[in-house]
Amino acid sequence: MKKVLLIISTGLVLIGATVYADRATRLNSTGPAKYTEQANSKNDVKPAPEVTFKDLDGKDATLSQYKGKVVLVNFWATWCEPCYVEIPWLIEMQQKYEAKGFTVLGISMDEEGKSAVTPFLAKERFNVNGQKFPMNYPIVIGSDDVADKFGGLLGYPTSFLISRDGKIVKKVQGLISYEELTKAIESQL
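All values derive from a computational prediction rather than experimental measurement. Every residue gets a number counted from 1 within its own chain, in the order that chain's sequence is written. Given that the model is predicted, a residue must reach a pLDDT of at least 70 before its local features are reported, and side-chain atom pairs must reach 80 or more before they are shown or counted; all residues, however, enter totals for whole chains, interfaces and linings. To obtain the side-chain values, all non-hydrogen atoms of the structure were included, while hydrogens and water were left out.

Draft legend 1. Local environment of the overall build of the protein chain. Scanning the protein chain for helices and strands turns up five helices and eleven strands. Throughout, exposure labels follow a simple rule: accessible area from a 1.4 Å probe, protein chains only, divided by the maximum for the residue type, with under 20% read as buried, over 50% as exposed, and the rest as partly exposed. Burial statistics for the protein chain: of 189 residues in total, 42% are counted as buried. Note on areas: Shrake-Rupley, 1.4 Å probe, and residue coverage restricted to the protein chains presented here. Carbon and sulfur atoms make up 55% of the accessible area of the protein chain, which amounts to about 11000 Å² in all. Helix numbers and strand numbers start at the N terminus; a helix is a DSSP run of H or I with at least 4 residues, a strand a run of E with at least 2.

Draft legend 2. Quick peek at the packing of helix 2 (residues 81-97) against helix 5 (residues 178-186). Simply put, an axis is a line fit to the C-alpha atoms, just over the touching stretch for a helix, and the angle between two N-to-C directions goes from 0 to 180 degrees. Across the interface, helix 2 lies against helix 5 with an axial gap of 11 Å and an inter-helix angle of 30°. Between helix 2 and helix 5, the angle falls in the class roughly parallel. Every pair of crossing elements has a handedness; the one defined by helix 2 and helix 5 is right-handed. Taken together, the residues of helix 5 that come into contact with helix 2 (itself represented by W89, L90, E92, M93, K96 and Y97) are Y178, L181, T182, I185 and E186. For the contact of helix 2 with helix 5, a count of residues per class yields seven nonpolar, one polar and three charged. For classification purposes, an angle smaller than 35 degrees is called roughly parallel, one larger than 145 roughly antiparallel, one from 65 to 115 roughly perpendicular, and anything else oblique. Crossings are assigned a handedness: left-handed for a near helix turned anticlockwise from the far helix by less than a right angle, right-handed for a clockwise turn. The contact criterion used throughout is that any non-hydrogen atoms of two residues lie within 4.5 Å. Under this grouping Gly is polar, as are all residues other than the nonpolar Ala, Val, Leu, Ile, Met, Phe, Trp, Tyr, Cys and Pro and the charged Asp, Glu, Lys and Arg.

Draft legend 3. Representation of the packing of aromatic side chains. Any Phe, Tyr or Trp ring, taking Trp's six-membered ring, that has another such ring centre within 6.5 Å forms a pair; planes under 30 degrees apart are called stacked, those over 60 apart edge-to-face, and the others tilted. For the coordinates displayed, the defined rule picks out ten aromatic pairs. Taking 5.9 Å as the distance between ring centres and 90° as the angle between the ring planes, the aromatic pair formed by Y84 and F120 counts as edge-to-face. Linking Y84 in helix 2 with F120 in helix 3 (residues 114-123), this pair joins segments that are 36 residues apart in sequence. The class of Y84 is partly exposed, set by a relative accessible area of 33%. Put simply, the rings of W76, Y84, F120 and F126 pair up and form one aromatic cluster.

It is worth stressing that arrangement in space is one thing and function is another; only the former is reported here.
In structure tokens:
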């Protein structure tokens, strides 16, 4: 009987410690991210990696084809709840800033690839200022190899703001506020 009680109490202590450690180290996915990096000097600015994606038609697409534009590279997934918060903002920003040389590039990290993304894009509509809109920016299929070229990802959404000359000027892991995202984009236009 003592062994059973010892095993049960040890199990409860381990579960409690695991829950505590998980909460203490978890990224906050519902509030603003505290994991943003801003390039503050020329030494901090890194060139965006040379990467090739597959678009939804199976054709190659490259990040370099957007050189000369301000690009928000947004890693997301169809199952990502914080991404659902951010997508309407990205739709609005695409509408608002496209004429000024800005684009969002959505990189889907769904394991099922095109078979998950295509029906999602066909079905989903997002509330942007009281109107329902589909995602209105280019969507490509990502991979772990692509994510590694950006330095790896801790979760979704993760975004990289790239200047017109192809330099990463801001990295955001998790969800940040609409205002902070708008300010970062406007600083590059």
